[in-house]
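Structural overview
One-letter residues, chain by chain:
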Amino acid sequence: MGALSEQELAAFSADFNKNDKNKIASRAARRSGLFEASFNDEVSKRLNHTFSTELDIGGVTDQKHSGRCWEFATLNVLRHHFGKKYHVKDFTFSQAYNFFWDKIERANAFYDSMIRLAGRPIDDREVETWFNFAGQDGGLWQMAINLVKKYGVVPSYAMPENATSNNTSALIDSLARKERKDALVLRKLVQEGKLEEAEKAKKEFLNEVYRMAAVALGEPPKKFDLEYRDDDKKYHLEKDLTPRQFAEKYLKDFNWDDYVVLLNSPNYDYNKRYHQGLYDNVAGGTPITGLNVPIEVLARAAAAQLKDGKAVIFGNDVLKQMERKTGFLDTELYKTDNLFSVDTQMSKADRLATGEGSATHDMTLVGVDEDNGEIRKWKVENSWGDKYGHKGFYEMSQKWFEEYVYDVVVDKEYLSEDLVKLWEAPAIDLKPWEHIGL
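The structure presented is a predicted model; accordingly, all values stated were derived computationally and were not measured.

What counts as what
- Residues numbered from 1 in each chain as written.
- Predicted model: local features only at pLDDT ≥ 70, side-chain atom pairs only at ≥ 80, totals over all residues.
- Heavy atoms only, no water.
- UniProt positions renumbered as here; feature names shortened; annotations may be inferred.
- Contact = heavy atoms within 4.5 Å.
- Helix = DSSP H or I, 4+ residues; strand = E, 2+ residues; numbered from the N terminus.
- Buried < 20%, exposed > 50% of the residue type's maximum accessible area, 1.4 Å probe, protein only.
- Polar contact = N/O pair within 3.5 Å; in protein donor to acceptor, adjacent residues only side chain to side chain.
- Phe/Tyr/Trp six-rings, centres within 6.5 Å; stacked < 30°, edge-to-face > 60°.
- Lys NZ or Arg CZ within 6 Å of the ring centre and 35° of its normal.
- Expected span 1.5 Å × (residues − 1).
- Domains from an automatic or database assignment.
- Buried area = accessible area lost by both parts, 1.4 Å probe.
- Salt bridge = Lys/Arg side-chain N within 4 Å of Asp/Glu carboxyl O.

In the numbering used here, UniProt assigns the feature "active site" (unreviewed entry) to C69, H361 and N382. These annotated residues cover 314 residues of sequence, but their C-alpha atoms sit close together, with the largest distance between any two at 9.6 Å. Not counting chain neighbours up to four residues away, the residues in contact with C69 comprise Q63, H361, D362 and S383. Positionally, N382 belongs in the loop between β11 (374–381) and β12 (393–397). Judged by its relative accessible area of 0%, N382 is buried. Aside from chain neighbours lying at most four places away, what touches N382 is V60, T61, H361, M363, G392 and Y394. In this structure the side chain of N382 is engaged in a polar contact, spanning 2.8 Å, whose partner is the side chain of H361.

If you want it as structure tokens, here you go:
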């Protein structure tokens, strides 16, 4: 390693001090912080609150301190469907209910993988990836739908949010530690050829995971009464529904099997379908796949679905060029490069390849603004409560969509026949550590 000399450091200092603009920038950054000092208020001129297409929906939800955005976004789409059909805009589903079952199913997938990979060394990259994934609460649309298919849904009042679901850190930590310890036991049993004992131990471990989830979140209801008053103040009551009965009856015309995940990851080949087995959360459920296509395909399909009155889930890198207070998402929002007098701009493909970019959050598109067919901006429903943005809704520029959106979930009716055929083709398996927007 080459050591920095005193002469080099002195030269750096001299170069900094010879330009008064550096000192001005430093005073501003130290006084108000980098983002405030570089904030570009010009974006407000194009990110107003008016959209040419806008869904009529109720208020927003709040995932609090948890990584359950994927469940919130999925259940937001389902509740908008329910609300439109039954005329009750502010009806909400319980995120805690599906989160409970996710903990059980994900532990099952983890233990199965530990048994399958027991013959590999513990520092094998795939084994390490699974160990790092243990207990986590992040996920994707297809994972949420797998849970809905198997366990149904319940209204939010049937299993309300609680202190643990609102802040999942302690539960994640406890589950991760337990699952990793259990994995060592399972690996040893398999390595000793004791497969039956490994399966028996797995069941015991899952029973303990169930107990942990029940203590932390409460047990899910087996039956509940559906009771609500619609937007016309008409009262509705149906007693003794199971969660699956509710989903099968009230969401039966939401054809989730017809929905396609479109990816935009320029560092992978386009027009190919990819499978990320790390996220296959429910044994026997739908595999987690996405069709990689150019970004304009995602934009066209999402806009078409919105024009038909249906919300669109999308995965994105939300912390890039975003301000919570205004709810602005714009590539020109923070001029930090100007503040530092450097160039940090990277292509989308390079950001993905280096880990600078990834899909970190799921939100819901509920509006789009077009001018003669050209998309200018999008209305976004977030799940961070109504204190941020415009009462919980955000405005996103089309340029931000192009740079920081990695996937959208749309009905295949909005795709060309060629794309539908590509979606139906066999998927290419990804390595568990590969980042492609899934």
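A word on the packing of aromatic side chains. Enumeration according to the criterion identifies 32 aromatic pairs in this entry. Plain terms: the ring middles of W141 and Y259 are 5.6 Å apart, the flat faces sit at 45° to each other, and that makes the pair tilted. Of this pair, W141 sits in helix α7 (residues 141–151) while Y259 sits in strand β4 (residues 259–263), and the two are 118 residues apart along the sequence. Taken together, F82, Y86, F91, F93, F224, Y228, F246 and Y250 form an aromatic cluster joined through their ring pairs. In this structure, R324 packs its charged tip against the face of Y388, placed 5.4 Å from the ring centre. Above the ring of F393, the side-chain terminus of K379 is found at 4.6 Å from the ring centroid.

Compared with an ideal rise of 1.5 Å per residue, which puts 22 residues at 32 Å, helix α5 (residues 95–116) spans 31 Å between its outermost C-alpha atoms and is within 8% of the ideal. For α5, the tally of buried residues reaches 20 of 22 residues, placing the bulk of the element in the interior. Its side-chain oxygen at 3.4 Å from the backbone nitrogen of A96, S94 defines the N-terminal cap of α5.

This part takes up the domain arrangement of the chain. Here the chain is described as being made up of domain 1 (34–63 + 257–437) and domain 2 (72–256). Counting residues at the interface gives 37 residues for domain 1, matched by 36 residues for domain 2. Overall, the association of domain 1 and domain 2 removes approximately 3,200 Å² of surface from exposure, summing both partners, and the carbon and sulfur fraction of that is 58%. On the surface where domain 1 and domain 2 come into contact, there are 3 salt bridges. Here E381 makes a salt bridge to R79, at a shortest N to O gap of 2.9 Å.

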